[in-house]
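Residue strings, one per chain:
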Amino acid sequence: MQESAFFEKEAILVVDDDPAIRKVLQAGIQMWGLRCYSAESPGKALELLSENNIDVVVADIKMPEMSGIELCHIIKKEFDADVVVMTGYVEDFNYEDIIQQGASDFIQKPVRIAEFIARLKRVLAERAGRAKLKNALEEVRLNLDKFQRAMEGFVEAISVAVEMR
C-alpha cells in the first residue's frame, strides 16, 4: 500500500457509543495503516484529544453525553482536528447543515468500509493541502518582511546619499 505511506503518521479518533461500530471502523482504519484511537463517549474523546495529536475525529451524532455536533463545535474551537460526522438518522439531518456547522464530511450509517476509507482519505488529503498552503503563505509573509526591510534600507541609503550631495 504505497498510498498509505503518505498518511502513515496520521491519527484518527473514532467516537461512538456502540462498541461494534467502534471496533469495525478501528479495524478498517488500522488495516489501511493508520493509527487509530477509539472513545465510547465525547468526554473520553476530549481527553484523548488533549493527550494525543489527532488529525481526524469520526463522531456519531447521537450519543448520550452530548451530540456529535456539539463535540464538533468544541473540537473546532479547541483543537486542530477535522471532524467527520456519522449517523443512522439521516432523515433528521442534512449534509449542508452538518458541513456548515464545521464538519469536514457527513456519512450515513451503515457505511461500507471501502466508502468510509475513501472519504477519510479525501479529508486527510484536503488537510495536507491546507497545511501546505499555510506553510507557503507563511513563507511568502517571511519573504515579504525581508523585502520590506531591504527596501527600507535601500530608501535610507538613498536618503543619506541625497543629503551628502
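Residues numbered from 1 in each chain as written. Predicted model: local features only at pLDDT ≥ 70, side-chain atom pairs only at ≥ 80, totals over all residues. Heavy atoms only, no water.

Enquirer: Mind showing me how you'd approach the overall build of the chain here?
Expert: Helix and strand counts for the chain stand at 6 helices and 5 strands. Along the chain, from the amino end to the carboxyl end, the secondary structure elements read α-β-α-β-α-β-α-β-α-β-α. Considering only C-alpha atoms, the chain reaches an extent of 85 × 35 × 30 Å along its principal axes. The proportion of buried residues among the 165 residues of the chain is 36%. Look at the contacts in the chain between residues 6 or more apart in sequence, and 63% of them connect residues 24 or more apart. Of the accessible surface of the chain, which amounts to about 10,100 Å², a share of 55% is contributed by carbon and sulfur atoms. Positive and negative charge centroids in the chain, built from 21 and 29 side chains respectively, lie 5 Å apart. (Helix = DSSP H or I, 4+ residues; strand = E, 2+ residues; numbered from the N terminus. Buried < 20%, exposed > 50% of the residue type's maximum accessible area, 1.4 Å probe, protein only. Contact = heavy atoms within 4.5 Å. Areas by Shrake-Rupley, 256 points an atom, 1.4 Å probe, with all protein chains shown as cover. Lys, Arg positive; Asp, Glu negative; His and termini not counted. Charge placed at Lys NZ, Arg CZ, Asp CG, Glu CD.)

Enquirer: Teacher, can you tell me more about the packing of helix α2 (residues 19-31) against helix α6 (residues 113-164) here?
Expert: Between two packed helices, the angle of one axis relative to the other and the distance separating the axes together describe the packing. At a minimum axis distance of 10 Å, the contact between α2 and α6 shows a crossing angle of 60 degrees. Here α6 runs oblique to α2, going by the angle between their axes. The hand of the α2/α6 crossing is right-handed. Along its contact with α2, which presents V24, L25, G28 and I29, the element α6 presents I113, F116, I117 and L120. Across the contact of α2 with α6, the residue classes break down as 7 nonpolar, 1 polar and no charged. (Axes fitted to C-alpha atoms, helices over the stretch in contact; angles between N-to-C directions. Parallel < 35°, antiparallel > 145°, perpendicular 65-115°, else oblique. Left-handed = near helix turned anticlockwise from the far one by under 90°. Nonpolar A, V, L, I, M, F, W, Y, C, P; charged D, E, K, R; others polar.)

Enquirer: Looking at this structure, I do not really get the layout of surface pockets. What am I missing?
Expert: Which parts of space are left empty comes out when a probe the size of a water molecule is rolled across the atoms. Taken as a whole, the largest pocket encloses approximately 500 Å³ of empty space. Taken together, 18 residues make up the lining of the largest pocket; nearest its centre are D55, D80, R127, A128 and A131. Sorting elements by how many residues they give to the lining of the largest pocket places α6 first, with 7 residues. In terms of residue class, the lining of the largest pocket is made up of 6 nonpolar, 1 polar and 11 charged. (1 Å grid on protein atoms, 1.4 Å probe; cavity = no way out; pocket = protein on both sides within 12 Å on 5 of 7 lines; lining within 4 Å. Points joined across faces, edges and corners; volume = space filled by probe spheres on them.)

Enquirer: How should I be thinking about helix α3 (residues 42-51) in this particular structure?
Expert: Helical geometry: 3.6 residues make up each α-helical turn, so side chains three or four residues apart lie on a common side. Among all positions in α3, only P42, A45, L46, L48 and L49 are buried. Along the axis of α3, the buried residues cluster in a sector spanning 160 degrees; they form a single face. Of the exposed residues in α3, the ones pointing more than 90 degrees away from its buried face are S50 and E51. The inward-facing, buried residues of α3 abut β1 (11-15), β2 (35-39), β3 (56-60) and α4 (68-78). (Arc of directions from axis to C-beta.)

Enquirer: Explain the pairing of β3 here, please?
Expert: A regular strand places its side chains so that they alternate between the two faces of the sheet. Within β3, 5 of the 5 residues are buried, leaving the element largely enclosed by the surrounding structure. Residues of β3 alternate between two faces, with V56, V58 and D60 on one and V57 and A59 on the opposite face, all of them buried. Across 5 bridges, the pairing between β3 and strand β4 (residues 82-87) is parallel. Bridging from a neighbouring strand, D60 pairs with M86 of β4. For the segment spanning β3, α4 and β4, crossover handedness is right-handed. (Pairing = 2+ DSSP bridges. Right-handed = clockwise from strand over helix to strand, strands pointing away.)

Enquirer: Sorry if this is basic, but what is going on with α4 here?
Expert: All of the buried residues along α4 are G68, I69, L71, C72 and I75. Down the axis of α4, the sector holding all buried residues measures 155 degrees, keeping them to one side. Opposite the buried face of α4, by more than 90 degrees, sit the exposed residues K77 and E78. Looking at the buried side of α4, the elements it contacts are β1, α3, β3, β4 and α5 (95-100).

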